[in-house]
Amino acid sequence: MPAKLGKDAEYMLRNILRKVNRNNLGDLLRKWDCLPEIDLAGKIKRDSVEEIVEKCAKKKIGYSRIADLELHYAESNSKSKTWSIWNVDKIGDTWETMEVESMQVKLQEQLELYFDVVEVNAHISGGTYWFRIHIDPVGKTKANTVYAVYCPSSPVLATANLKLNQKTFMLQAFVVVLNCHHCIEPHLTGHCVWSLIQLALKKYINNSPKELCENLPESIQTVLKRGSRKRKHDSIEENVKNLVFENLTTKKKCILKLEECFGQDELPKLEKIEYRLKTRFQGDVPDMKKDDDVFSCSITFEGSNVLEGVFNLAKCGYTSAKTPLPTLLTKLPYLSKNHFIVQEKQNTNTSRKP
């Protein structure tokens, strides 16, 4: 009688293979490294899937190893998820050095205190720790798989698929494992997890002592170098031949000032920036100036790379020449945030009751 996979394991394996493009199947299996002998060259996808399932059954590959494969697939398709960044506040002056295997075991132990059935899988990629956390609250709600990415020796943690009713327990588990005080949400979300982590690290480094900046841990250096490349210096004069700049000196000063704020490398990808205004009307319309009601509106910038778009907007001269961009925009690469609430400053001179 031919060997068979468990029902849940086979279902998950087939579900993963169904979603993978035939051209990417070989690369995914090489990362998984459970079937190094398999050769899928020249085979149609249906035959390849059946061969993979058959070989997994013969080698008695269980649910946990197939969950590792699912984590590799989730990493390679991370842009299909919405990621949220969290900042963990460490206890003490230095970060505790922890191997991914040790962190996986501790995370499993902590989550078992809160959930009935938990399966934690982990691996290292690009200097970061990737986690797949499958939660199955028996007889209560539907099972859910949470994904997390942690950059070692830093306060940066990213999560995806984290449900509201699981958030408190999940973050508490990470706080205990990382030996921290608490997790803070900086309101930084998006689809490119690597870019989000880079933005969060930029803020961390910018607010850190000089000693840390000069001796960054290898894991942080690896993440910051990922996808880094110099910005193309194509001038607008080359693209629009009939355009004549009346004040070329001012324009060059503007670009230099922008590069001081944004740097000379291309910025990490951020697909959305949102500003929510909650202030009284500040314009010159007499009737509206008398109104003390809060003037609420929302302003959203969206695109494939909003940060580079903001840089190009100022570079092309669509803003003031003397002040290329307002402070709130020039600080964007170091704020580790893309959801803002703009409101009036509270009056600090108000008397307090004893």
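Structural data are supplied above this passage.
Residues numbered from 1 in each chain as written. Predicted model: local features only at pLDDT ≥ 70, side-chain atom pairs only at ≥ 80, totals over all residues. Heavy atoms only, no water.

(A) Representation of the packing of helix H5 (residues 100-111) against helix H6 (residues 164-177) in the model. Packing of H5 against H6 brings their axes to within 9 Å, and their N-to-C directions diverge by 135°. In terms of their interaxial angle, H5 and H6 are classed as oblique. The handedness of the crossing between H5 and H6 is right-handed. Facing H5, whose interface residues are Met103, Lys106, Leu107, Gln110 and Leu111, H6 presents Phe169, Met170, Ala173, Phe174, Val176 and Val177. (Axes fitted to C-alpha atoms, helices over the stretch in contact; angles between N-to-C directions. Helix = DSSP H or I, 4+ residues; strand = E, 2+ residues; numbered from the N terminus. Parallel < 35°, antiparallel > 145°, perpendicular 65-115°, else oblique. Left-handed = near helix turned anticlockwise from the far one by under 90°. Contact = heavy atoms within 4.5 Å.)

(B) How the structure looks around unusual backbone geometry. Although it is not a glycine, Lys60 sits at a positive phi angle of roughly 55°. With respect to the helices and strands, the residue Lys60 is situated in the loop between helix H3 (45-58) and helix H4 (63-76). The exposure class assigned to Lys60 is exposed, which follows from its relative accessible area of 74%. The phi dihedral of Ser336 is positive, around 55°, even though this residue is not glycine. Mapped onto the elements, Ser336 comes out in the loop between helix H15 (332-335) and strand E10 (339-343). (Buried < 20%, exposed > 50% of the residue type's maximum accessible area, 1.4 Å probe, protein only.)

(C) Looking closely at the side chain of Glu75. Within the element layout of this structure, Glu75 appears in helix H4. No salt bridge is formed by the buried Glu75. Its closest oppositely charged neighbour is Lys31, at 5.7 Å. Leaving out residues up to four positions away in the same chain, Glu75 has contacts with His123, Ser125, Trp130 and Trp194. (Lys, Arg positive; Asp, Glu negative; His and termini not counted. Salt bridge = Lys/Arg side-chain N within 4 Å of Asp/Glu carboxyl O.)

Honestly, that's just the spatial picture; any functional story needs more than this.
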